[in-house]
Amino acid sequence: MRWVALTGATCSVLRLQSDTPASWVQAVEPVLDEVLLDHAWLETRAAGVALGLLSRVAEVHGAAESLTALAQEELEHFGRCRVLLSARGIHFRRLLPATYARRLHDRAEPGLVDRLLVCALIEARSCERMRRLSEGLGEQLLREFYADLLTSEARHFSLYVDLARWAVPGADVDGALDRLAKIEAEVLESAPFEARLHGGPNQANSTAS
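Scoring rules and cut-offs
- Residues numbered from 1 in each chain as written.
- Predicted model: local features only at pLDDT ≥ 70, side-chain atom pairs only at ≥ 80, totals over all residues.
- Heavy atoms only, no water.
- Helix = DSSP H or I, 4+ residues; strand = E, 2+ residues; numbered from the N terminus.
- Rg over C-alpha atoms; globule rule 2.2 N^0.38 Å.
- Buried < 20%, exposed > 50% of the residue type's maximum accessible area, 1.4 Å probe, protein only.
- Contact = heavy atoms within 4.5 Å.
- Areas by Shrake-Rupley, 256 points an atom, 1.4 Å probe, with all protein chains shown as cover.
- Lys, Arg positive; Asp, Glu negative; His and termini not counted.
- Charge placed at Lys NZ, Arg CZ, Asp CG, Glu CD.
- Expected span 1.5 Å × (residues − 1).
- Axes fitted to C-alpha atoms, helices over the stretch in contact; angles between N-to-C directions.
- Parallel < 35°, antiparallel > 145°, perpendicular 65-115°, else oblique.
- Left-handed = near helix turned anticlockwise from the far one by under 90°.
- Nonpolar A, V, L, I, M, F, W, Y, C, P; charged D, E, K, R; others polar.
- Disulfide = S-S within 2.5 Å.
- Core = buried A, V, L, I, M, F, W, Y, C linked by side-chain atoms within 4.5 Å.
- Salt bridge = Lys/Arg side-chain N within 4 Å of Asp/Glu carboxyl O.

A. Layout of the overall build of the chain. For the chain, the count of helices and strands is eight helices and two strands. Counting from the amino terminus, the chain carries its helices and strands in the arrangement β-β-α-α-α-α-α-α-α-α. Taking 209 residues into account, the globule formula puts the C-alpha radius of gyration at 17 Å, and the chain, at 16 Å, falls close to it. Along the longest, intermediate and shortest principal axes, the C-alpha atoms of the chain span 45 × 35 × 35 Å. The proportion of buried residues among the 209 residues of the chain is 49%. A sequence separation of at least 24 residues applies to 76% of the contacts in the chain between residues at least 6 apart. With an accessible surface of roughly 9,600 Å², the chain has 53% of that area assigned to carbon and sulfur atoms. A distance of 4 Å separates the average location of the 23 positive side-chain charges in the chain from that of its 29 negative side-chain charges.

B. Here's a closer look at helix 7 (residues 173-190). In a regular helix each residue adds 1.5 Å, so 18 residues correspond to 26 Å; helix 7 covers 25 Å between its end C-alpha atoms and thus fits that length. Looking at helix 7, one finds that the buried residues are Val-173, Ala-176, Leu-177, Leu-180, Ala-181, Ile-183, Glu-184, Ala-185, Val-187 and Leu-188. At its buried positions, helix 7 is contacted by strand 2 (13-15), helix 4 (100-107), helix 5 (112-136) and helix 6 (140-167).

C. Examining the environment of Asp-178 more closely. Mapped onto the fold, Asp-178 is located in helix 7. Linking Asp-178 and Ala-124, residues 54 residues apart in sequence, is a C-alpha distance of 13 Å.

D. A look at the packing of helix 2 (residues 32-52) against helix 6. Two elements in contact, helix 2 and helix 6, have axes separated by 14 Å at closest approach and are oriented at 25°. The orientation of helix 2 with respect to helix 6, classified from their angle, is roughly parallel. When you trace helix 2 past helix 6, the crossing you get is left-handed. Seen from helix 2, the contacting residues are Leu-32, Leu-36, His-39, Glu-43, Val-49 and Ala-50; seen from helix 6, they are Leu-142, Phe-145, Tyr-146, Leu-149, Glu-153 and Tyr-160. Of the residues contributing to the contact of helix 2 with helix 6, the split by class is nine nonpolar, one polar and two charged.

E. Representation of the state of the cysteines within the structure. Evaluation of the coordinates by the stated rule reveals zero disulfides. Cysteine Cys-81 is unpaired, with the sulfur of Cys-127 as its nearest cysteine sulfur at 14 Å. Cysteine Cys-119 is unpaired, with the sulfur of Cys-127 as its nearest cysteine sulfur at 16 Å.

F. Region of interest: the nonpolar core. In terms of nonpolar packing, the biggest core is built from 66 residues, with Leu-116, Leu-117, Leu-133, Tyr-146 and Tyr-160 touching the most fellow members. For this core, the secondary-structure elements that each account for two or more residues are helix 1 (23-28), helix 2, helix 3 (63-87), helix 4, helix 5, helix 6 and helix 7. Top contributing element to this core by residue count: helix 5, with 13 residues.

G. Region of the structure containing the pattern of salt bridges. Enumeration over the complete set of coordinates arrives at 16 salt bridges. With a closest N to O distance of 2.9 Å, Glu-139 and Arg-88 form a salt bridge. Here Glu-139, found in the loop between helix 5 and helix 6, pairs with Arg-88, found in the loop between helix 3 and helix 4; they are 51 residues apart in sequence, far enough to count as distant. Between Glu-135 and Arg-131 there is a salt bridge, and its shortest N-O distance comes to 3.7 Å. Here Arg-131 and Glu-135 lie together in helix 5, a separation of four residues that amounts to about one turn. Classification of Arg-131 as buried rests on a relative accessible area of 11%. What you see here is one network of salt bridges that share partners, running through Arg-15, Arg-165, Asp-174 and Asp-178.

And the structure:
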């Protein structure tokens, strides 16, 4: 299992089994407006997922407060995306999501542990992609924007992993996380390149030196 360390103020780690190539940033930079639009929609979906899980973990001490705070933070990030889009003259519109999350959920096992850990890995991948953007984008404003989100995304990952441990005592959470992380890497690698935060890296791989 590869642990992807974060830099800056974040002391968390992301349990991912693949790294996004640095060339992915070069591939998405020409279509960055659409990536930002996709990011805005991802924040709304993440808020909805957090609230939707409340009924599944309502009896876990502190879960309702934690998931509510997570949803509120996702909506705050959505608002920040909207401000950036407006400043760039981008009209907010419907946008089809990448197939990444659906394919990952489809390959997970039934049950609450896998459901929570899939959410954790999606947050982890978001954080890893945002770290790439914070390091590689040409626009300083956007580099700073994505750098500012890293701590939140890593914290969301940790919360979902903790919820899996608390909600299903005795479950092999580490084993399930290893299994799902492998699936997540396979899903991402096989996904087509899209102007999406969770689009496949294939075009970037083909242009990498």
